[in-house]
Amino acid sequence: MALCSSSATFLKPPSLQQPQGAWAWCHRTPTLPVTAESPRCWGSSGKESTVPVYRHRLRGLVDPGGRRVARPPGGLRGPRLGFSDVRPGEQSDQGGGDPRGPYLPRQASGAARCQPPAARLPRRKAPAARPAGPAVLPRWPLLRPPRPAPRRTPRPEEAARRAGAEGGWWHGGAAVAATSTVAPSEPRRRSERGGPREPRGVARGVTPSGGRGSGCAARTRGERRGEQAAAPGAEGGPGRAPRAHLAAARPGRTAGAGSAAALVARMSQPPLLPSSAETRKFTRALSKPGTAAELRQSVSEVVRGSVLLAKPKLIEPLDYENVIVQKKTQILNDCLREMLLFPYDDFQTAILRRQGRYVCSTIPANAQQEAQSLFVTECIKTYNSDWHLVNYKYEDYSGEFRQLPNKVAKLDKLPVHVYEVDEEVDKDEDAASLGSQKGGITKHGWLYKGNMNSAISVTMRSFKRRFFHLIQLGDGSYNLNFYKDEKISKEPKGSIFLDSCMGVVQNNKVRRFAFELKMQDKSSYLLAADSEVEMEEWITTLNKILQLNFEAAMQEKRNGDSHEDDEQSKIEGSVSGLDSYLPELAKSTREAEVKLKSESRVKLFYLDPDAQKLDFSSAEPEVKPFEEKFGKRILVKCNDLSFNLQCCVAENEEGPTTNVEPFFVTLSLFDIKYNRKISADFHVDLNHFSVRQMLATTSPSLMNGGRQSSPALQDILHEAAMQYPKQGIFSVTCPHPDIFLVARIEKVLQGSITHGAEPYMKSSDSSKVAQKVLKNAKQACQRLGQYRMPFAWAARTLFKDASGNLDKNARFSALYKQDSNKLSNEDMLKLLADFRKPEKMAKLPVILGNLDITIDSVSSDFPNYVNSSYIPTKQFETCTKMPITFEVEEFVPCIPKHTQPYTIYNHHLYVYPKSLKYDSQKSFAKARNIAICIEFKDSDEEDSQPLKCIYGRPGGPVFTRSAFAAVLHHHQNPEFYDEIKIELPTQLHEKHHLLFTFFHVSCDNSSKGSTKKKDVVETQVGYSWLPLLKDGRVVTSEQHIPVSANLPSGYLGYQELGMGRHYGPEIKWVDGSKPLLRVSTHLVSTVYTQDQHFHNFFQYCQKTESGAQALGSELVKYLKSLHAMEGHVMIAFLPTILNQLFRVLTRATQEEVAVNVTRVIIHVVAQCHEEGLESHLRSYVKYAYKAEPYIASEYKTVHEELTKSMTTILKPSADFLTSNKLLKYSWFFFEVLIKSMAQHLIENSKVKLLRNQRFPASYHHAVETVVNMLMPHITQKFRDNPEASKNANHSLAVFIKRCFTFMDRGFVFKQINNYISCFAPGDPKTLFEYKFEFLRVVCNHEHYIPLNLPMPFGKGRIQRYQDLQLDYSLTDEFCRNHFLVGLLLREVGTALQEFREVRLIAIGVLKNLLIKHSFDDRYASRSHQARIATLYLPLFGLLIENVQRINVRDVSPFPVNPGSTVKEESLTLPAVNPIVTPQKSGSSLDASLHKDLFGAISGIASPYTNSTPNISSVRNADSRGSLISTDSGNSLPERNSEKSNSLDKHQQSGTLGNSVVRCDKLDQSEIKSLLMCFLYILKSMSDDALFTYWNKASTSELMDFFTILEVCLHQFQYMGKRYIARNQEGLGPIVHDRKSQTLPVSRNRTGMMHARLQQLGSLDNSLTFNHM
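Residues numbered from 1 in each chain as written. Predicted model: local features only at pLDDT ≥ 70, side-chain atom pairs only at ≥ 80, totals over all residues. Heavy atoms only, no water.

Further remarks concern the overall build of the protein chain. Broken down by element type, the protein chain carries 53 helices and 46 strands. Sequence separation of at least 24 residues holds for 77% of the intrachain contacts in the protein chain that already meet a minimum separation of 6. (Helix = DSSP H or I, 4+ residues; strand = E, 2+ residues; numbered from the N terminus. Contact = heavy atoms within 4.5 Å.)

Have a look at this one:
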């Protein structure tokens, strides 16, 4: 046997049972020139002779003499088997082995191993000398060699190789070259006979280098395995994954990801194929039984799912802007010019007034003038500024078809049509309903059934007892089912269809009480009853049913005949009358009728199931401006506080009975789960008017606090309504059951708590006690009215659960006496922790009384309330009778996810005196009943006055200059729980401080004092102060400060210098300047921050803006420190910090500064996303972001600087964590770029410039660089970081789409080309998803049609659209002139050669785009739709190329269950390879079909009848046949592409850009989607365009065109309600039942159909289309 190539593929003809040495097969692969390094073949003399190596597709047989011989019988086709390897186990490490392969006869054992081949095969003459260059063999058909039985049990690697051979193979030059590729540096392989050999599977263009000498032995098996595992084609090349244990079984192989690819690389070796006569040794050789099918399936799927396609060449797009200018006259003269031009008002900037919920601004009138800090100024600017938007006029058209405006609502019902296939069902349903109204006829019982299959006569023994059940079906017919027992729920043993019964007669010849049912087919059923009565009942019942069936049939016949006669006469009369008398009117009537029908028809895609789905997954989230948000809001109504001790407090004892002394309630929220107080205090005065008179009156002054209120605000807020609030609104961000509403009750200072509470804890006669208490209370109120003392407390739960459901049924607990040693908030939290423990609460002393407070939810339109700064809301009414509700400030936890960006001005400080340790002081004689007075001062001068900015208590002024904490009687170390709320000035300075003054309060009021000098009520016993600012920030942590006995002027300047020295005035410290006072503060401010890094950054920026020289390194240090700022602070001041960062970016003079600014922005954006606060970023970009005014000499633009910084961060050498965050959240940066570009064009009046002059060349270069830098991240990180690459891909698509609005559109086209160039056929599925997601977004541009320029392109004079030379194929010129649609169609064509998931994605993108065109109200007219259709005419050629994959006739039109798609696909695939190279056939086929083509179209003749000369070749070549046939069309397709008038005669590159075409069938969903696109284009295109297509198309293309139309008829055929019901119930198509042959198929119904058909009576017609 002559071997033409050492790596030639060896195929065995099926006709050769025993391989002989007379055949040789040439394997055509890429040619290599004949060189000194070419492989040698042995001649008869044993010498080497150089033979050129041909690596081409296998095309024919070569006999031993070198002559090509005829094709062997049997049709040679089959799997490609590699002859380049020996069978494992037949070659030793020293080389030498049988090179004949498994299909050559083995020589005798005594023969020499290196015997020249002449001993076995005749020697072929040496070929004549040939010129240098590759030699090309003629193309011959594929051959299929026979399959001999293997000679031994295969090893696991052979089993895997065999599995690959059985799973299907590629055929094609490109595929052969890539399936067995080795590294270029692989050593030259030695032949089994010791001679030199080329490396296994030399790839196209790969020259092997290195190798062993001619005398070296062949490489060991382990070496070859290692080289195969390291082959470059092993990873990315096509292959089928083997079982893991097979890959690991080979020594020298690396198990893991490369094993599957390495196995595929070995698939070019000759597998040992089992014979059909014996058990498959492949199966037996597996190490794990039962996995053969699984292995074959897995390997087959990998092969079938990977297609080796050459990367299509890129088409350079046209220069869009130049074309628009050059063809300006042509465009303006076009009647549809709006489809060719962008509108001038495409986008514009707008200012939206900031809408708040208050009647006036929350910012004090003089705040901006007072503000000196940059941070405070920027915050005020943020809260004062309006929203800045960029509006795109046609933005509503830039989404998918479901987001289009003015989209016609989903049709509830289509016009009702009655189809022939449903008429019978409807009549059956009418009969069924009639029967059910009459009650129907039912009967059941035991009968004896004669065996009709017995001998000639039926005997007694042939009867079997069965239970018969007579039932009525949904169509009105009756069945007589019989069972073995009375369990009729089981499937019957058989059925007798009574509508085929001709009669029921008695028959007593064989058995008593027997009767016979005579059927239409002259058969009969013999039944017998147990008694004569039962027999007569059965006969009577069955005869009634027969009578009903006969009457129904006759009535149906009469109705049908009369109806047809009437309709026919009417039609004939009207037509003949019109034609006879008014022929013109008849013609115009018909035309009007046709026009009306076409206009009233529903759009085609309205019937598409995908168009009916409500899928808004691709819709952008709705973006709202920043607004003030709250948690769960609770309205607290304080109704009453009453104690058992009551009397009339009036002097004349005329008045209501009330509490004997005034009490004051303070409400607040405590969270015992997180152990903190979560709200400010809400003070309530529930005392009766007469009780309030006991206190000394004060003159309240309204709104005289720290903020300067406007006169209008003073007119709204009335004094009387503000004095005694009783309703408060609390807010809880994180509701849960462990939140308590706590009420603390105080009264006027009288003495100790125990002494004051004792009268209220007794239940005896209280009238005398009440009078005594009243007397003491009146004296205390007159003397100590401004001092309070703790008295009692109570609590209640707020929520039932964590969902925020209020526990409205809960009531306040008993009033517990306040323990003087457990006053602090920490003590209260401990008490609340035991609140649900009755045994512990029972130990607490109880005061007899009741606190009536109710809670409720707050509606959105709740009227008359003010916020915590006393700013009234818009629902506020000026009526004085309406009570005012006060919002209580919530202390939101410092957690980013619970933080909202600030939107209003708020500047409050809460002061909490905690304790005073005075037991060791010696400075004062009396210091026991200690009261603390808190003041806020802005100076330490002697005569300075405290600021009136402390919020007052009920009954007093709204703002006061001082506040007192509750007093504990006879406590030298008192504790406090009071909260003092202060309105801070806008600008704080170093002199602002809190001053604490301590008083000893004298509580004794004995009679002795009347004779002496009146005692002093209060005595000063010390001072202490706390500066508010430290390092420029407000002090908020707990402070321990000393107490002085005096207060000299300038006390703030006192400083200890050590060694007993000090700076400042002389101060007398109490107890040796020990920190005796413990106090804490809590800042709630939207203009001051507590974050040190935040503060330092703004402070440095303020220095540089005020004229200080900016040092880049210093600024970079502060920028880097911002990475450490607290998350909740960053979220709260989000707009302010981002505005400042973008300002620094535009003013940066060093690249390092700009890059670090961008890194900080990336950090901020990432933090927001990680906390789930992406909506804040979207609100910022859309509403708050405003580009700085552009000054060319001073500042730069944000879009230029940000683009450069992004490029630097995306460099491979940059920090990968930062670049990954940039990828993941790239949408934010691209959105900022877009808005900056739009504002730059509008504000600098550059919109009127030409597109290529709007932005400098440097920016174009920067954008291109970003795209190029981004692509490797997208295409290489999709496995390691899928979310980041996916987000970056989508964000880039949105950016590119929006660039069409601002930039040079030709430049944007080039960026799309740059993007597409990074993808290739055969990419992983994820990359296909990315690519088509990109195309989907870009093609959804609102001006997608003008971007594609649907206009004539030609040389010479201006053309009319009517003269347009339409493109029906994807030529380079078409793809250049109509860039986006050409690119999309090319990519869809390429995707059709991929596996199913990729095909579905591509087809979905195309179909959704066409649906959008169909629904777009801008292009609703017929002419617009026809113009759009011209852009998609090349889709015809695309479908024709894949006609064999669409022409599926043996599958139900119903979609396959998605859960079984893989299995079904494997079952329906043809037996041949799914990927083939189209064969070119002669033109005789077209000539023979030409005469029958239009006959087939008209329906007169069929091109597939025997009269067609070459019909057998047609069926084998194109698999075209009647749609009724079940032929799966497995033969290879042969296309005629050489016809002179073919549509693609000018096509240079073809749709796919290569010669490899799949021929596996598409599934139903793919076919239907493609056909819908086809029908839409066909429906929309003009008649001229269609006629032009028919004239240009070749006969073969016309045949394919009408084949597609025929497939449309089959796929969208309405199968009837019964068919739909059976498929929805999973019953499959209606088939004939074996158990009963008495009725045709239409009567074969089951019980399950009865209920289903009743539901179908009300089927929406739109549903039926889902099953077409």
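What follows covers the sheet that holds strand β28 (residues 885-887). Across a sheet, strands are paired by hydrogen bonds formed along the backbone, either parallel or antiparallel in direction. Sheet architecture is open: five strands sit in the order β26-β15-β21-β28-β27, paired in mixed fashion. In this open sheet, the two strands that pair with only one neighbour each are β26 (849-857) and β27 (865-866). Taken together, the three bridges between strand β21 (residues 727-732) and β28 define a ladder with parallel strand orientation. Bridge pairing links G728 to F886 in β28. (Pairing = 2+ DSSP bridges.)

The subject of this paragraph is the sheet that holds strand β14 (residues 524-528). Pairing in this open sheet of seven strands is antiparallel, and the strands run β11-β10-β9-β8-β14-β13-β12 from one edge to the other. Here the strands that pair on one side only, and so sit at the sheet edges, are β11 (494-497) and β12 (501-506). Here the strands of the sheet are splayed against their neighbours by 35° on average, with no regard to which way each runs. Pairing of strand β8 (residues 443-450) with β14, which is carried by two bridges, proceeds in the antiparallel orientation. Within the sheet, the bridge partner assigned to Y448 lies in β14 and is A528. (Axes fitted to C-alpha atoms, helices over the stretch in contact; angles between N-to-C directions.)

We now examine the environment of Y483. Mapping Y483 onto the fold places it in strand β10 (residues 478-483). It is 8.1 Å that separates the C-alpha atoms of Y483 and H469, two residues lying 14 residues apart in sequence. In this structure Y483 touches R466, F467, H469, I488, K490, E491, P492 and K493, once residues within four positions along its chain are discounted.

All right, on to the packing of helix α25 (residues 1112-1121) against helix α28 (residues 1151-1170) then. In the contact formed by α25 and α28, the axes pass within 10 Å of each other and the chain directions differ by 10°. With respect to α28, the element α25 is oriented roughly parallel. Residues G1112, L1115, V1116, L1119 and K1120 of α25 lie in contact with α28, whose contacting residues are E1152, V1153, N1156, V1157 and V1160. For the contact of α25 with α28, the class distribution of residues is six nonpolar, two polar and two charged. (Parallel < 35°, antiparallel > 145°, perpendicular 65-115°, else oblique. Nonpolar A, V, L, I, M, F, W, Y, C, P; charged D, E, K, R; others polar.)

This part is about the packing of aromatic side chains. Counted by the stated rule, this structure contains 59 aromatic pairs. Aromatic pair F1255 and Y1259: ring centres 5.3 Å apart, planes at 40°, arrangement tilted. F1255 sits in the buried class, given a relative accessible area of 4%. A connected cluster of aromatic rings, assembled from ring pairs, spans Y1368, F1436, F1574, F1587, Y1589, W1590, F1601 and F1602. Sitting over the face of the ring of Y724, R692 holds its NZ or CZ atom 3.7 Å from the ring centroid. (Phe/Tyr/Trp six-rings, centres within 6.5 Å; stacked < 30°, edge-to-face > 60°. Buried < 20%, exposed > 50% of the residue type's maximum accessible area, 1.4 Å probe, protein only. Lys NZ or Arg CZ within 6 Å of the ring centre and 35° of its normal.)

The element strand β42 (residues 1077-1085) is largely enclosed, with a buried count of seven among its nine residues. Bridge count between strand β29 (residues 907-916) and β42: nine bridges; the pairing is antiparallel. Along β42, the bridge assignment pairs H908 with V1084.

Take the nonpolar core next. Formed by 234 residues in total, the largest nonpolar core has its most connected members in F996, F1097, F1228, I1312 and Y1432. Considering every element that reaches this core, the biggest residue donor is α28, with eleven residues. Membership of the second largest hydrophobic core comes to 65 residues, among which are V660, L686, M722 and A780. (Core = buried A, V, L, I, M, F, W, Y, C linked by side-chain atoms within 4.5 Å.)

Summed over the entire model, instances satisfying the criterion amount to 42 salt bridges. In this structure, the salt-bridge partner of R357 is E628, at a minimum N-O distance of 2.9 Å. Of the two residues, R357 sits in the loop between β6 (347-352) and α11 (367-370) while E628 sits in the loop between α16 (609-612) and β15 (632-643), which places them 271 residues apart along the sequence. Taking the relative accessible area as the measure of exposure, R357 reaches 18% and is therefore buried. We note a salt bridge from R1418 to D1416, for which the minimum N-O separation is 2.8 Å. Taken together, the salt bridges that share partners define one network made up of E378, K381, R1143, R1147 and E1188. (Salt bridge = Lys/Arg side-chain N within 4 Å of Asp/Glu carboxyl O.)

Within the protein chain, residue pLDDT values average 73, and 63% of them lie at 70 or more. In the predicted structure, residues 571-581 sits below a pLDDT of 50 and forms six contacts with residues beyond four places in sequence or in another chain. (pLDDT = per-residue confidence, 0-100.)

It is worth spelling out the environment of R1178 at this point. Within the secondary structure layout, R1178 lies in helix α29 (residues 1174-1184). Sequence-wise, R1178 and W1227 are 49 residues apart; in three dimensions their C-alpha atoms are separated by 9.5 Å. Dropping the residues within four chain positions of it, R1178 is found in contact with E620, P621, V623 and W1227.

Buried residues dominate helix α12 (residues 374-384), accounting for eight of its eleven residues. Against the buried residues of α12 lie α11, α24 (1092-1105) and α27 (1134-1147).

Time to look at the state of the cysteines. A full pass over the atoms with the stated rule returns zero disulfides. No disulfide involves C648; its sulfur sits 7.0 Å from the nearest other cysteine sulfur, which is in C647. (Disulfide = S-S within 2.5 Å.)

Here the focus is helix α43 (residues 1434-1441). Of all eight residues in α43, six are buried; the element is thus mostly enclosed. Those residues of α43 that sit buried are P1434, L1435, F1436, L1438, L1439 and I1440.

For the rest of this paragraph, the subject is the pairing of β15. Sheet topology places β15 next to β21; six bridges connect them, and they run antiparallel. Directly across from L635, in β21, lies its bridge partner I729. Here nine bridges tie β15 to β26, and the two strands are oriented antiparallel to one another. Of the residues in β26, the one forming a bridge with V636 is I855.

Time to look at the environment of L336. Within the element layout of this structure, L336 appears in the loop between α10 (328-333) and β6. Linking L336 and Y1419, residues 1083 residues apart in sequence, is a C-alpha distance of 10.0 Å. In contact with L336, not counting residues within four places along its chain, are S1423, H1424 and R1427.

Moving on: the side chain of Q1393. Tracing the chain through its elements places Q1393 in the loop between α40 (1379-1391) and α41 (1396-1415). Given the relative accessible area of 0%, Q1393 is considered buried. Side-chain polar atoms of Q1393 contact the side chain of N1442, separated by 3.3 Å. (Polar contact = N/O pair within 3.5 Å; in protein donor to acceptor, adjacent residues only side chain to side chain.)

The next point concerns unusual backbone geometry. One non-glycine residue with positive phi stands out, namely N675, at about 60°. In this structure, N675 sits in the loop between β18 (663-671) and β19 (676-677). Phi at S1073 is positive, roughly 55°, even though this residue is not glycine.

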